[in-house]
Structures are given as structure tokens and as C-alpha cells.
Amino acid sequence: MKPKISINNLDFFYGSDQALFDITLDIPENEIVAFIGPSGCGKSTFLRTLNRMNDTIPIASLRGEVLLDGENIYAPGTDVVALRRRVGMVFQKSNPFPKSIFDNVAYGIKINGIHSGKSDLADRVEKALHDAALWDEVKDRLNTSAFGLSGGQQQRLCIARALAVQPEVILMDEPASALDPIATQKIEELVVQLKQYYTIVIVTHNMQQAARVSDRTAFFMLGKLVEYNPTQRMFTNPDEKLTEDYITGRFG
Amino acid sequence: MASTLSKDQRKRRIVNSVMTGLTAASAVSVTGILLVILGYITYQGLSSISIEFLTDTPKPVGEGGGIGNAILGSAMMTGLAALIGLPVGILAGVYLAEFGDGWYGKTVRFIADTLIGTPSIIIGIFIYTVVVMPMGRQSGLAGGLALAVIMIPIVARTTEEMIRLVPNAMREGALALGAPQWRVSWNIVLPAAASGIATGAMLAIARITGETAPLLFTALNSRFYNFYYDQPMASLTVQIYNYATGPFEVEHAMAWAATLLLVGLILIINIAVRIVTRKRF
């Protein structure tokens, strides 16, 4: 297996509070890795270290390394803007821009100058909306406000927006936690389909979701990585007693 | 039923109705005073408003005349102030909201708040010292600059407040797409806050349209149509002051009419603000 991202001995701090302790794990290319764990266990914080989203928090600091294709993204002189183009992100709450549906998807393409001309831009927007399984629902209203979409549609729009810049990795922070079961199912099917083109890391509260979509699962607790194994093994015969207790609902 | 209430309950009900009555009476008196002012101004001023009044220049007492040049002067000075004050104020507000958490931002914010609380006549004296004295005369330029100085901190602080209301999730969404910080501020945050910023801008314009004291020192007044910023310039507010302090009844009537016009303009700006804010997402 070829690791797309390797995390080595990562410690993370909010001011003097340590939020992550000595995390080491590899995320293989074209697989789906799920992070599970109780609230406040550090799984979202960890996810956000992978595209340096935590840089926006002034008091945050970090030790250790995160290698993307073998290169440390925390090395001095790293272009964070270029990094985030390669490692896209979908957030827990859908966060469309106050623009039209078309412009939401076009935004990332435009700022990164990926397109060559207007019709290419339109083609790329259409492809991204197709890939996010949203095209048929929005093709007649591309120029209307993104806020007119339902919650599930808004979240798929955000996925389309992330796909449009052709990232290599997509980070998803509880992408379905605010959605109803049908919208959740659509997102899950989508995530599985996207696996062939992207490496996907998904944080979820929902253990069944992790079991359904992921190839590997990492279980976090109190900022520590308790267990990291293939999902099937994790949910049938985990190495750690703590994992079993959590998965079977004895706490959390 | 009332007889079944305990003494405590009865007391509570009485206190409740007294307090409700007091707050309602205060609310009525606030709007009542405003309505009385508007009504009185209309009553006193409406009869003197005519085409001649709106277009002519002031004439010696008894020969009619109007405030056309004052309307133009107010428009030119407010326009100049907006031209300077809006961009500077909005950009300063963006800085304060997006990058202003350090000592520099805190200092700027404190100074802006102080400036907002400074009596406008002091700003007039300041511009008199740094612009009028070197130029050797009062001018529309000096008046416009004084109004701009009054406007900048108001626009900066309202812009900052509006930008802070933009959810952080929207910024993160753009950053996660590989947008540099300045593009996030420029084409995500600013448009999201646009209607609020427009509200602040229009309220600031309404505020400076009503300023008199800083213009007395800086633009002075003029009896003629003046299209040049380097000459003394008439304004509605100073014209009202002159007419109102004059000895003749005719002048007082014209002061009322000009007041009605000014209040009408400010009312229109405020209504426009309402319409702009209603169009929010």
C-alpha cells in the first residue's frame, strides 16, 4: 500500500492545552479512512491539521510531521494556498457562498486559474456538479442563489465546489451530521463513488456510517489514537477492549 | 376570580401593569416628539417651498430668492466626503475585522471610537488649521474634507461590525479551496456583508448631511452658485443657520422651508436604507 499521507508523531496544542498526543498513522491512496470517537476526542482537530486549516487559529501550535506524497506540509516555506488546492475540505455545516449555484462551483476554478476560457469553465462546473450527483437537480437553476437549495443539496454543492479544483485528497468533517437519512444516504453513496479518483478522510459521529463507507477506521479518544485497522476488522474483532466498548455502545 | 388571588399575586399583577404602562408611555413620547417636530416643520416650511426657492440663489430680504446654491453645495461636499470617506472607511473596517486583533488594530479601534464621540465642531477647527489657513480661504474642499473626517470612523466601525457577522464557516470554505486571504476578504466576505455595509454608509451620509458646525469654519457660505471646490461654498445647514438667526420673518420662513427639505432628504436616505437591508439573503 502506498501512503498518500503519512502522519508521524504529531502533537497538537491549543495554547498550553494539548489536544493530540503522538499520533502516527498512514492514509493510503484511493481509500476511504474514517475517524471515529466521542465528542472532543480530537478527530476534527486532527483532520484540520491535514490541510493546515488550524493555521487560522492564532494560539494553535504543533509538533511532528505530516507528509503528503512524502513532503512535510509543515516544512518552512510550504505554500499553504497550493496545499489546500491539493487537499480539499467539506465542512460539517454546509457553507455555500452568498452567490449563485454556478458561481459557488466556479469560485475555486477561477481563483486557481484552472480553466481556459468561458466554455471550459462551464464544462468544469457541470462536471463537478455531475460528480457530486447534483447536476440533474440544479441544471435549470444554476443562476439562482445557493441558499435556495435544501440542506442536503447545499452539502452536495459544497462537495462539488471542492471537487471542481481537482484536489488529490478530500477531507470531510462530519459531512452528513446535519442531514436527514435520505440525504445522508446520497452523500454516502457519493463518497464511495469518489474513492476511485480521490483519497478521502471522513470524520463521523455515526459508527454505522464509518462501517458502511470506509476501508480503514481510526478510533480516537482524549486526543490519542486508540486503534487504527481495516474497518471490517475494527467492527468485528478489534484489537483493543476500549474500541470494542465504544463500538458496542458501552460508552460515548 | 380576583378574590382568589393571594396578596403577593395581586401585587405582582399591579407592578406588571404599571411597568408595562411606563414603557409604553415612554415609547409613545419618543415617537410623539418626532411626529410633533416633523409636523411643525412641515406646517412652517411647506408654504415657502416653490420652484424658485429650490433653484434660485439667496437675495436681499423681500426680493424672494432661494437655496439652489446651498443644495448644490451640500451635494458637492457630501459627494466629496463620500468619495474619500467610503473607500477609506470600508477598507479600514475590513482591516479591523479581518486582521485587527493585535495592538495596532486595538489602537485604531479606540481612536475611531474616540473620533466618533468627538464634537464635530472640533473637527471643523482641525480642518480650519490644516487646510483653510494654508489655503488662505474657506472652500468646498475644506468642507468636504471635514465631513470625510467625520464619516471615516463611522463607516469603519459599522463595516467592521457587519464583517464580523459573516460566519467564519464561509471564510474557511473559501480558504479550503486554496483562496489566498485577500481574495477571501475581497470576494467572499465583503459581498456577504455588502447590504449591511451599504446601510452603514447611507446612515453616515445622512449624518454628515445634517452637520453645520464643521462647515461654518471650513466651507463658510456663498450667495452664488459655486461649481469650484477651491471657493467658499454654501450648504443647506449653514443656510438654515443664517436664515434662522436673521432678524426678518421672511428669513425665518425660508429657514423652515430649508429645514423641511433637509429633514425630507434624511428621511429618504433612511427609507432607502430600509429597502436595501430588506433585500438580504
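It should be noted that the structure appears before, not after, this text.
Summary of the structure given here.

The rules behind each value
- Residues numbered from 1 in each chain as written.
- Chains lettered and ligands numbered in written order.
- Predicted model: local features only at pLDDT ≥ 70, side-chain atom pairs only at ≥ 80, totals over all residues.
- Helix = DSSP H or I, 4+ residues; strand = E, 2+ residues; numbered from the N terminus.
- Rg over C-alpha atoms; globule rule 2.2 N^0.38 Å.
- Buried ≥ 20, exposed ≤ 12 C-beta atoms within 10 Å, placed from the backbone.
- Expected span 1.5 Å × (residues − 1).
- Arc of directions from axis to C-beta.
- Contact = placed C-beta atoms within 7 Å.
- Axes fitted to C-alpha atoms, helices over the stretch in contact; angles between N-to-C directions.
- Parallel < 35°, antiparallel > 145°, perpendicular 65-115°, else oblique.
- Left-handed = near helix turned anticlockwise from the far one by under 90°.
- Nonpolar A, V, L, I, M, F, W, Y, C, P; charged D, E, K, R; others polar.
- Pairing = 2+ DSSP bridges.
- Bend = angle between axes of the 7 residues up to and from the residue.
- Core = buried A, V, L, I, M, F, W, Y, C linked by C-beta atoms within 7 Å.

For chain A, the helix and strand inventory stands at ten helices and ten strands. Expected size for 252 residues packed as a compact globule is a radius of gyration near 18 Å; at 18 Å, chain A falls within 12% of this value. Counting only C-alpha atoms and orienting by the principal axes, one finds that chain A spans roughly 55 × 45 × 35 Å. Within chain A, buried positions represent 46% of all 252 residues.

All names here are of chain A. In this model, helix 4 (residues 118–131) (14 residues) spans 20 Å end to end at C-alpha, consistent with the 20 Å of a helix rising 1.5 Å per residue. Every buried residue of helix 4 is listed here: Arg124, Val125, Ala128 and Leu129. Buried residues in helix 4, looked at end-on, bunch into an arc of 130°, giving them a common side. In helix 4, the exposed residues that point more than 90 degrees away from the buried face are Ser119, Asp120 and Asp123. The elements touched by buried residues of helix 4 are helix 3 (101–111), helix 5 (135–138) and helix 6 (151–164). Two residues or fewer after helix 4 comes Ala133, characterised by a positive phi angle close to 55°.

Residue and element names in this part refer to chain B. Where helix 7 (residues 168–176) meets helix 8 (residues 181–209), the axes come as close as 10 Å, and the angle between the chain directions of the two elements is 150°. Relative to helix 8, the element helix 7 lies roughly antiparallel. For the pair helix 7 and helix 8, the crossing hand works out as right-handed. Across the interface between the two elements, Met170, Arg171, Ala174 and Leu175 of helix 7 pack against Val184, Ile188, Val189 and Ala192 of helix 8. Per-class residue counts for the contact of helix 7 with helix 8 are seven nonpolar, no polar and one charged.

This part is about the sheet that holds strand 4 (residues 60–68) of chain A. Backbone-to-backbone hydrogen bonds join strands into a sheet, with any given pair of strands oriented parallel or antiparallel. Judged by pairing direction, the sheet is antiparallel, and its four strands sit side by side in the order 2-1-4-5 (chain A) without closing on themselves. Only two strands of the sheet have a single neighbouring strand rather than two, namely strand 2 (17–28) and strand 5 (71–72) of chain A.

Before going further, it helps to examine the pairing of strand 4 of chain A. All names here are of chain A. With eight bridges connecting them, strand 1 (residues 3–14) and strand 4 associate as antiparallel partners. Opposite Asn8, over in strand 4, you have Glu65 as the bridge partner. Turn length for the strand 4-strand 5 hairpin, with the two strands adjacent in sequence and antiparallel, is two residues, and the turn residue Asp69 shows positive phi of about 50°.

So, on to the interface of chain B and chain A. Listed by partner, the interface residues are 15 residues for chain B and 23 residues for chain A. Where the side of chain B that touches chain A is concerned, the elements lending two or more residues are helix 7 and helix 8 of chain B. In terms of residue count, helix 7 of chain B provides more of the side of chain B that touches chain A than any other element does, six residues in total. In terms of residue class, the side of chain B that touches chain A is made up of eleven nonpolar, two polar and two charged.

All names here are of chain A. Read from one edge of the open sheet, six strands run 6-7-8-3-9-10, paired in mixed fashion. Both edges of this open sheet fall to strand 6 (87–90) and strand 10 (224–230), since each of them pairs with a single strand only. Neighbour-to-neighbour, the strand axes of this sheet turn through a mean angle of 15°, independent of strand direction. Across four bridges, the pairing between strand 3 (residues 32–36) and strand 9 (residues 216–221) is parallel.

This part is about helix 3 (residues 68–99) of chain B. Counted at 1.5 Å a residue, the expected span for helix 3 of chain B with its 32 residues is 46 Å, and the 45 Å between its end C-alpha atoms agrees. At Gly85 of chain B, helix 3 of chain B is deflected by roughly 30°, the largest bend along its length, and proline Pro87 of chain B occurs up to four residues later in sequence.

One finds Ala160 and Val201 of chain A together with Met151 and Ala258 of chain B to be the most contacted residues of the largest nonpolar core, which totals 143 residues. In this view, Val201 of chain A contacts Ile27, Val33, Phe35, Leu47, Leu50, Val169, Leu171 and Met172 of chain A; residues no more than four positions away in its chain are not counted.

Further remarks concern the pairing of strand 9 of chain A. Residues and elements named next belong to chain A. Burial analysis of strand 9 places six of its six residues in the buried class, which makes it a mostly covered element. Every second residue of strand 9 is oriented toward a common face, with Arg216, Ala218 and Phe220 on one face and Thr217, Phe219 and Met221 on the other, all of them buried. Sheet analysis places strand 9 next to strand 10, joined by six bridges and oriented antiparallel. The residue bridging Ala218 from the neighbouring strand is Tyr228, located in strand 10. Hairpin connection from strand 9 to strand 10: two residues lie between these consecutive antiparallel strands, with Leu222 at a positive phi of about 50°.

Moving on to the packing of helix 4 of chain A against helix 6 of chain A. Residues and elements named next belong to chain A. Between helix 4 and helix 6, the least distance of the axes is 8 Å, while the angle of their chain directions is 130°. For the element pair helix 4 / helix 6, the angle class is oblique. For the crossing formed where helix 4 meets helix 6, the hand is right-handed. Judged by residue contacts, Arg124, Val125, Ala128, Leu129 and Asp131 of helix 4 engage Ala160, Leu163 and Ala164 from helix 6.

All names here are of chain A. Along the chain, the position of Val125 falls in helix 4. Classification of Val125 by C-beta neighbours within 10 Å gives buried; the count is 24. Along the sequence, Val125 and Ala106 sit 19 residues apart, while their C-alpha atoms lie 6.0 Å from each other. Aside from chain neighbours lying at most four places away, what touches Val125 is Phe102, Val105, Ala106 and Ala164.

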